[in-house]
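Residues per chain are reported as follows:
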Amino acid sequence: MYNSFFGLTETPFNLTPDPRYLYLSSNHREAIDHLLYGINERKGFILITGGIGAGKTTLCRVLLDRLDEKTKSALILNSFISDMELLKLIVQEFGVDIDTNAGREITKKDYVDALNRFLLTNFSNGGNAVLLIDEAQNLSREVLEQLRMLSNLETEREKLIQIVLIGQPELNDIIGAPSLRQLNDRILVRYFLKPLGDMDVKGYVEHRLVVAGSHGNITFTSGAYKRLYSRSEGIPRRINSICDRSLLIAYTKGAYTVTGTIIDKAANDLYGAGDVIKKGGLFSWVRPLHIILIAFILLVAAGITGFIYLKHMYEVSLSRQVKEVVAAQKKEETPVVKEVKKEAELYLDSANSISALFSLFYRNNPDKKINDAGGRLSLETFELAPEYYITLKKPFVLKTNRDMTNIKYLLITGVNENGARCSDAEGNEREISKEFLFENWGGSVSWIFPVYARDQIYNIGMEGPAISRFQKTLQSKGYLVQVNGIYDITTLNEMKRFQGDFGLRVDGVAGPRTNALLYQMAE
């Protein structure tokens with residue numbers, strides 16, 4: 001109704017889960033990081049919870065758009081199903097054919113066997129598989145147990161299917177029940193999607209308006225944003241409802257500016273005005289005679305209180321004098337202990353370290369729109385000796401060797417000749433010595449590598465800027481190459497030497513793993 005008036009091409013505040021409209025607040029970005037980490041690392045089970053209207057379903061759509069072509073996906077939106085219906089839906093979503101004899105009823109075993117064959121073939125082709133179930137709090141215990149059994153489809157080292165459960169907060173209580181303990185113990189990646197903060201509401205509204213085709217025709221006052229946050233509590237679905245009604249009200253008034261008054265009017269129309277004190281309410285019983293009586297009572301109470309207070313102050317003063325005398329006598333005997341502020345934990349668990357690594361990447365690269373360029377982010381892991389730490393130029397996560405039963409990680413944000421900078425659990429950077437780094441070095445290091453669609457495998461005879469870039473990196477590390485942009489025989493031989501030094505496949509071809517390591521070492 002109001003789109004043409006405001007010059008919009010579509011309605012900006014629909015409640016449908018359109019991925020284009022997802023505003024990536026810090027909470028949503030961390031949720032996506034957790035999802036991608038759990039899927040890429042084949043963690044098996046991933047749990048995402050959040051309140052009603054927090055944007056969980058839209059998050060599902062965005063995740064599907066970000067999965068690479070080798071990752072097969074299945075999305076189930078209807079969670080009021082039986083365990084048999086679940087298996088049938090999964091098989092249908094993955095496009096798996098069921099081979100059964102004519103006239104025989106299809107059993108659970110038929111579905112599971114067909115799914116297992118599909119997953120094994122997919123895995124052997126270098127693929128991954130993801131099952132996403134929205135509104136998972138509605139799943140019965142029988143269905144949840146069936147999902148646990150599906151997670152047993154695995155090789156000796158890898159999970160064949162990654163199962164993402166997305167639901168409301170009560171899903172935690174359901175899975176936490178003693179009868180589902182085996183399932184709960186298998187969930188290694190968890191994230192709670194919180195509502196938007198007050199600083200995110202403005203960005204959220206402006207983002208949706210721009211996607212809907214706004215060219216600045218609509219403005220919200222600062223008071224409007226404050227009222228919007230207060231009335232919506234930062235819940236995206238409520239923001240959408242209030243903003244949609246606000247634009248309708250502004251349209252009927254012929255106004256292009258949404259004020260706090262309009263926001264309140266819209267919220268009142270949708271949710272009511274809230275608790276107000278009406279006439280004849282709390283203080284309607286007060287009468288002049290009552291006031292005199294109350295004043296007398298308060299005066300008597302004040303007198304009694306004053307006497308008690310003076311008596312108490314005399315006793316406190318006397319007690320203080322006695323304590324001061326005793327303290328003076330023991331001053332030389334009692335050492336003064338200063339309270340030491342405890343530093344934040346330096347060692348992180350696996351999920352938090354990877355999540356912090358992704359957040360750090362986005363913070364360092366705010367304008368890197370890798371998905372728009374047809375790319376993706378890859379989490380690369382290498383086994384490196386500690387003496388190579390100085391060659392690592394990008395932030396990385398170091399697996400420590402402190403406790404093999406409860407492995408911890410260090411998030412290294414930068415290195416120098418004397419040691420490194422390390423980010424603690426609160427995101428504060430702290431200097432660590434080279435000796436400390438070497439003592440904790442477990443060998444495994446991980447970093448984020450942006451893979452673009454234009455990237456390819458480089459081999460002898462090829463030319464271009466990309467070859468010049470990795471030639472420059474090789475040269476800076478002491479390899480005898482000339483930066484000429486040509487993959488010549490010298491570059492081929494030095495590339496083989498580089499691959500051999502760092503435990504890569506020695507073929508002289510700059511493939512994905514070689515490129516990932518060269519990216520990490522580039523200044």
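Residues numbered from 1 in each chain as written. Predicted model: local features only at pLDDT ≥ 70, side-chain atom pairs only at ≥ 80, totals over all residues. Heavy atoms only, no water.

### Quick notes on the overall build of the protein
- The helix and strand tally for the protein stands at 18 helices and 13 strands.
- The buried share among the 523 residues of the protein stands at 42%.
- Of all intrachain contacts in the protein linking residues separated by at least 6 positions in sequence, the fraction that spans at least 24 positions is 69%.
- Summing over all exposed atoms, the protein offers an accessible surface of approximately 29100 Å²; the carbon and sulfur share of this is 53%. (Helix = DSSP H or I, 4+ residues; strand = E, 2+ residues; numbered from the N terminus. Buried < 20%, exposed > 50% of the residue type's maximum accessible area, 1.4 Å probe, protein only. Contact = heavy atoms within 4.5 Å. Areas by Shrake-Rupley, 256 points an atom, 1.4 Å probe, with all protein chains shown as cover.)

### Section: the confidence of the model for the protein
- The pLDDT averaged across the protein works out to 82; a share of 82% of its residues lies at or above 70.
- Predicted confidence is poor over residues 275–288, with pLDDT under 50, and the contacts of this stretch with residues over four places away or in other chains come to 3 contacts. (pLDDT = per-residue confidence, 0-100.)

### Overview of the environment of I354
- Here I354 is to be found in helix α14 (residues 350–364).
- Sequence spacing of I354 and L411 is 57 residues, and the spatial spacing of their C-alpha atoms is 8.4 Å.
- Leave out the neighbours within four places in its chain, and I354 touches Y37, L379 and V397.

### Re the sheet that holds strand β3 (residues 128–133)
- Spatially, the 5 strands line up as an open sheet ordered β2-β3-β4-β1-β5, and their pairing is parallel. Of all the strands in the sheet, just β2 (71–76) and β5 (187–193) have a single pairing partner and so form its edges. For this sheet the average axis-to-axis angle between neighbouring strands, irrespective of direction, equals 15 degrees.
- Pairing between β3 and strand β4 (residues 162–167): 4 bridges, direction parallel. (Pairing = 2+ DSSP bridges. Axes fitted to C-alpha atoms, helices over the stretch in contact; angles between N-to-C directions.)

### Side note on the sheet that holds strand β11 (residues 419–423)
- If you trace the 6 strands from one edge of the open sheet to the other, you get β8-β13-β9-β10-β11-β12, paired in antiparallel fashion. The open sheet has two free edges, formed respectively by β8 (376–383) and β12 (429–433), since each of these has just one partner strand. Ignoring strand direction, the axes of neighbouring strands in this sheet form an average angle of 35 degrees.
- With 4 bridges connecting them, strand β9 (residues 396–400) and strand β10 (residues 409–416) associate as antiparallel partners. In the sheet register, L398 faces β10, and the bridge partner there is L410.

### What about the nonpolar core?
- Formed by 38 residues in total, the largest nonpolar core has its most connected members in I412, F470 and F498.
- Among the secondary structure elements, those contributing two or more residues to this core are β9, β10, β11, β13 (441–451), α16 (465–476), α17 (489–501) and α18 (512–521).
- Per-element tally for this core: the top contributor is β13, with 5 residues.
- The residues touching F470, leaving out its near neighbours within four places in the chain, are Y458, Y487, T491, M495, A510 and L518. (Core = buried A, V, L, I, M, F, W, Y, C linked by side-chain atoms within 4.5 Å.)

### Points about the packing of aromatic side chains
- Inspection of every chain in the model, using the stated rule, returns 18 aromatic pairs.
- For the pair Y389 and F438, a centre-to-centre distance of 5.7 Å together with 85 degrees between the ring planes defines the contact as edge-to-face. Taken as a pair, Y389 in the loop between β8 and β9 and F438 in helix α15 (residues 434–440) lie far apart in primary sequence, 49 residues in all.
- The interplanar angle of 45 degrees and the centroid separation of 5.0 Å between the aromatic rings of F498 and F502 together place this pair among those described as tilted. In this pair, the class of F498 matches that of F502, namely buried.
- An aromatic cluster of at least three residues, connected via ring pairs, comprises Y2, F5, F6, Y251 and Y256.
- Geometry around Y519 places K394 over its ring, the cationic atom sitting 4.6 Å from the centre.
- Over the ring of F382 we find R513; its NZ or CZ atom is 3.8 Å from the centre of that ring. (Phe/Tyr/Trp six-rings, centres within 6.5 Å; stacked < 30°, edge-to-face > 60°. Lys NZ or Arg CZ within 6 Å of the ring centre and 35° of its normal.)

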